[in-house]
Every structure is written in structure tokens, then in C-alpha cells.
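What follows is each chain in one-letter form.
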Amino acid sequence: MSLNVALVCPDPQIRQKAARAFDRAPQDWDIDFYSAPPLDADVVVLGPGVEGAGIRFDPEHPDRLLEDVRKTTRPSASLVAVTSASRGLGVTSVALHLAAAAATGAERTLLVDLDRTWRGVAARLGFPHTSKTWAHATDPDAFSLVASPVAGGFHALLAPSVETEAPAARDVLRLATQRSRCVIIDLPADGPVEEVVPLCSSAILLVAPSWEGAERARSVASTFPSPPVFVANRLGAGSDIPLRDLEAKLGAPFACELPYTPSLRDSEDDGRLMVRPSSRWCRRVAGIYSRLLA
């Protein structure tokens, strides 16, 4: 995430110490020195004796400064990525229904589609190709103009096509957290996974209930900064391998298994969500959301 950091410290020796503390900062952080706190900085770091609001730099513990800055920039909203090890595992369907479950819990929920190849959310819900996308969301206030309302009680930021000039995914998500308490991300397997997952409070990894599916999921999960929530998604008739055997292959337990549900396919063909609380599939998706809150 790009960040404008203002370092306010008149003492040259302490200022040098503070500058060294930023040696391991991300390359897209812009760190400048000031004699007084500026008005347009994302983060202000104050040296000893400098008055104002900001992060206090302790010259005795310079190693703490980087983490102190990171803490102030972490979003207060929940960022949840729904992804998989390969395409075709139902990421868009699960993300949509997870957003509906979050909206039911009175959260201000926003679904962000990062699938710029297939633009899955727009196609899934039948939005016209002329609909506004997050390429038009240049500031938090613009979100209310480009976010599309969905019948499930949430809003969706539709993905622009790959040919459209658009901001980086991390910048879109940073703005999204300023407008919503819960942000669900439709993150395709071939999307910006390495960029997005470290920004999230949690990640759901859909797994095909097969030996190959478990192996692929284990490989992908090993690249995540923290273990994801594993969900087996049965999209049709197939393998009868017991989940406990797949868990042994995966090296982790499943949160649940989503059953094969023909009525879900029917609703997809009609461009709508399957909002049936009595449905076993809907109950399990709601259970996944409850697990994220625990």
C-alpha cells in the first residue's frame, strides 16, 4: 500500500536514527522530513519534544517504529478473500453468498470483484457491460456512485476488463475499507493473490474434494502469510473420498463441505442469489461467516 509518511524531527541525530528505522519499509512508502506536521500526510511521526498528533518516535527503541506505523494503517474493516487453487471451484458463488450472510448480520458489506478476465460478478448477476466498475472509484465518496446494489442487501464493486486502465487492487481495497465494515473479495486463482491475501484479515480457500484438489490447495496455502479457512466445495457427482482422508493430504481440517446443490445452479442461470435459509448450502455458507467472526 502506498503511504506518505511525514517525519517531523528537528534534531539531526535523532532524525537520522528515525530514517534508519525505515530502512526495511516497503518501497512504495514515501518518507519525507518536515519542520512542522503537514496536513496532507497519511502518517505523521514526531520526534522527542515535537508537539502535535502523530506517532511518537522513541530513539531508545527505533525498531518499534515500523510496526507502529503499520498498526495505524491497518484497516478497521474486515477484509475477507475468497479464492481457490484453480478456476472453476465456485469462488464467485461463495463470495456472493458470503456477502449476503454478512449483510444479514447488519454489517455495511461491500463485495469487490477482482476477476478482470471473466468479470464473474457482473456475469453472474446479469449486470450490463456498461455498468460502472471500480476503475471509476478514485476516492471513497465515488464508491456510492459506482457500487451496484445487490438484492442480498449489500453492494458490489464490479471488475473492469483487463483492457481498461485501472488502479492497483491494493489501492481499491484501501478505499473500500473506508466505506464498509466488511469487504468480501472475489479473488480468482489467477488474480493478484500474492498482493491481496497479505492485506486481508482472513482468507477462504475453496478445495475440490479430490486428491489433486487437496494437493493443489496445500501448495497454494503454503504461500499465504497465515493459514486460510479450508472449505471443500462439491460441484457435482464425483469422488467419494472421506473428508478425513483429504484432510490428512491437506495437512489441515476443513471448516465445512459445501454440498452439490442443483437449485444453486438454477438460481445462477436466472442471475439471482439463492436466498433460502432452509437450504443446507446457505446454512453452511452462513456458518463460514460465523466462523470468521469467532
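Treat the numbers as computed from the prediction; the structure is a model and nothing was measured.

A. The arrangement of the overall build of the protein chain in detail. Scanning the protein chain from terminus to terminus reveals 11 helices and 12 strands. When its C-alpha atoms are laid out on the principal axes, the protein chain stretches across 70 × 45 × 35 Å. Looking at the protein chain alone, contacts between residues at least 24 apart form 72% of all its contacts between residues at least 6 apart. Accessible area of the protein chain: about 14,800 Å², with a carbon and sulfur share of 50%. Across the protein chain, the mean location of the 31 positive side-chain charges is 6 Å away from that of the 35 negative side-chain charges.

B. Spotlight on the packing of aromatic side chains. The tally for this structure, following the rule as stated, stands at 0 aromatic pairs. One Lys or Arg, Arg15, reaches over the ring of Phe33 and ends 5.5 Å from the middle of that ring.

C. Seen up close, the side chain of Thr261. Summarising the element assignment, Thr261 is placed in the loop between strand 12 (256-258) and helix 10 (262-269). Residue Thr261 is classed as buried on the basis of its relative accessible area, which comes to 10%. In this structure Thr261 touches Met274 and Trp281, once residues within four positions along its chain are discounted.

Criteria and cut-off values
Residues numbered from 1 in each chain as written. Predicted model: local features only at pLDDT ≥ 70, side-chain atom pairs only at ≥ 80, totals over all residues. Heavy atoms only, no water. Helix = DSSP H or I, 4+ residues; strand = E, 2+ residues; numbered from the N terminus. Contact = heavy atoms within 4.5 Å. Areas by Shrake-Rupley, 256 points an atom, 1.4 Å probe, with all protein chains shown as cover. Lys, Arg positive; Asp, Glu negative; His and termini not counted. Charge placed at Lys NZ, Arg CZ, Asp CG, Glu CD. Phe/Tyr/Trp six-rings, centres within 6.5 Å; stacked < 30°, edge-to-face > 60°. Lys NZ or Arg CZ within 6 Å of the ring centre and 35° of its normal. Buried < 20%, exposed > 50% of the residue type's maximum accessible area, 1.4 Å probe, protein only.

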